Amino acid sequence: MDDRGAGQRPGAYIGGFRSGTTLLINLLGLHPEITAWFETKFLPEALRWMKVQREPETVDMESRLCAPPSPPGFAVEPVTRRMRLQMEYDEARLRGLSPSGKRDYEIYPLGADRIHYSLAEALGALDNWQGSLSDPPDCESLGRALAALVADLAARQLQAEPAPLLINKTPELPRFGGEMRSCLGPHKMIMMVRDG
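Note that this is a predicted model, so its numbers are computed, not measured. (Residues numbered from 1 in each chain as written. Predicted model: local features only at pLDDT ≥ 70, side-chain atom pairs only at ≥ 80, totals over all residues. Heavy atoms only, no water.)

Trainee: Whenever I open this one, the side chain of Asn26 confuses me. Can you help?
Mentor: Summarising the element assignment, Asn26 is placed in helix H1 (residues 21-29). In this view, Asn26 contacts Phe38, Tyr108, Pro109, Leu110 and Gly111; residues no more than four positions away in its chain are not counted. (Helix = DSSP H or I, 4+ residues; strand = E, 2+ residues; numbered from the N terminus. Contact = heavy atoms within 4.5 Å.)

Trainee: Got a minute to help me understand the packing of helix H2 (residues 43-54) against helix H6 (residues 139-160) in this structure?
Mentor: For any two helices packed against each other, the geometry is given by the interaxial angle and the distance between the axes. Relative to each other, H2 and H6 sit at 165°, their axes nearing to 10 Å. One way to sum up the angle between H2 and H6 is to call them roughly antiparallel. When the axes of H2 and H6 are compared, the crossing they make is left-handed. Across the interface between the two elements, Leu43, Ala46, Leu47, Trp49, Met50, Gln53 and Arg54 from H2 touch Cys139, Leu142, Gly143, Leu146 and Val150 from H6. Of the residues that constitute the contact of H2 with H6, the class distribution is 9 nonpolar, 2 polar and 1 charged. (Axes fitted to C-alpha atoms, helices over the stretch in contact; angles between N-to-C directions. Parallel < 35°, antiparallel > 145°, perpendicular 65-115°, else oblique. Left-handed = near helix turned anticlockwise from the far one by under 90°. Nonpolar A, V, L, I, M, F, W, Y, C, P; charged D, E, K, R; others polar.)

Trainee: What should I look at first to understand the packing of aromatic side chains in this one?
Mentor: Aromatic ring pairs are reported here in terms of the distance separating the ring centres and the angle at which the planes meet. In this structure the tally under the stated criterion is 2 aromatic pairs. Each ring, one from Trp37 and one from Tyr117, has its centre 6.3 Å from the other, and the planes form 80°; the classification is edge-to-face. Here Trp37 is found in strand E2 (residues 34-38), whereas its partner Tyr117 is found in the loop between helix H4 (76-94) and helix H5 (119-131), with 80 residues between them in sequence. A single burial state applies to Trp37 and to Tyr117, both of which are buried. Between Trp49 and Trp129, the ring centres sit 6.3 Å apart and the planes meet at 65°, which makes this aromatic pair edge-to-face. On the criterion of sequence distance, the pair formed by Trp49 in helix H2 and Trp129 in helix H5 is long-range, its members being 80 residues apart. Exposure remark for Trp49: the relative accessible area of 3% places this residue in the buried category. We note Arg82 situated over the ring of Phe74; from NZ or CZ to the ring centre the distance is 5.4 Å. (Phe/Tyr/Trp six-rings, centres within 6.5 Å; stacked < 30°, edge-to-face > 60°. Buried < 20%, exposed > 50% of the residue type's maximum accessible area, 1.4 Å probe, protein only. Lys NZ or Arg CZ within 6 Å of the ring centre and 35° of its normal.)

Trainee: Explanation requested: unusual backbone geometry in the structure shown.
Mentor: A negative phi angle characterises most non-glycine residues, just as the trans form characterises most peptide bonds. With an omega of 5°, the peptide bond running from Ser70 to Pro71 counts as cis. Locating Pro71 in the fold gives a position in the loop between helix H3 (59-65) and H4. Note the cis peptide between Asp135 and Pro136, where omega equals 0°. Summarising the element assignment, Pro136 is placed in the loop between H5 and H6. Its identity as a non-glycine residue notwithstanding, Arg18 has a phi of 45°, on the positive side.

Trainee: Sorry, what's going on with the side chain of Glu62 here?
Mentor: Looking at the element boundaries, Glu62 is found in helix H3. On the basis of relative accessible area, Glu62 is assigned to the buried category, the value being 0%. Discounting residues that sit within four places of it in the chain, Glu62 has contacts with Arg48, Lys51, Val52, Phe74, Arg175 and Phe176.

Trainee: Any chance you could explain the sheet that holds strand E1 (residues 11-15) here in plain terms?
Mentor: Read across the sheet, 4 strands follow the order E2-E3-E1-E4 without closing on themselves; strand pairing throughout is parallel. This sheet does not close on itself; its edge strands, each paired only once, are E2 and strand E4 (188-191). The average undirected angle you get between the axes of adjacent strands in this sheet is 20°. Two elements, E2 and strand E3 (residues 165-169), share 5 bridges in a ladder whose sense is parallel. Among the inter-strand pairings, Thr35 is bridged to a residue of E3, identified as Leu166. (Pairing = 2+ DSSP bridges.)

Next comes the structure, spelled out in structure tokens:
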């Protein structure tokens, strides 16, 4: 895994809903040469906007999948607001103030979430993301801004837990493989599916 994107160290992305990704990232994260970074649920909102710009026919479906659903829309203000709300929710989950979505019996060595930067650092990176967008934002501007946001937060994650390889686990990321490659360059993407 020596593919590099956005000036980052080698990286990989894992996703899939209720498929065992949390267990996998916990096991991988125990390896001394891997830094585990999860769950970055704000990233899909920027990727969703890129997808809608590239494929306008997906706007209705993507609008229904926004998390949080409000404020609605695909423009700088609503997308930035949803990303900010998700970052705040991530921080509340890490502090145990909001539910993680995991069952009581799901116990992991690294936990259900692993983010090593502060909310203030995440919001500062988000402000930089918003400030670097063209007016009006197009796919290229969104891609460059998202690459810088990911590189900034990934560097902070690696600063706190240095390792040669960074692996991010966020359930929805595989849906946006094309958008991720356009902004991060070649990288490994693992989509997990549970076979019941």
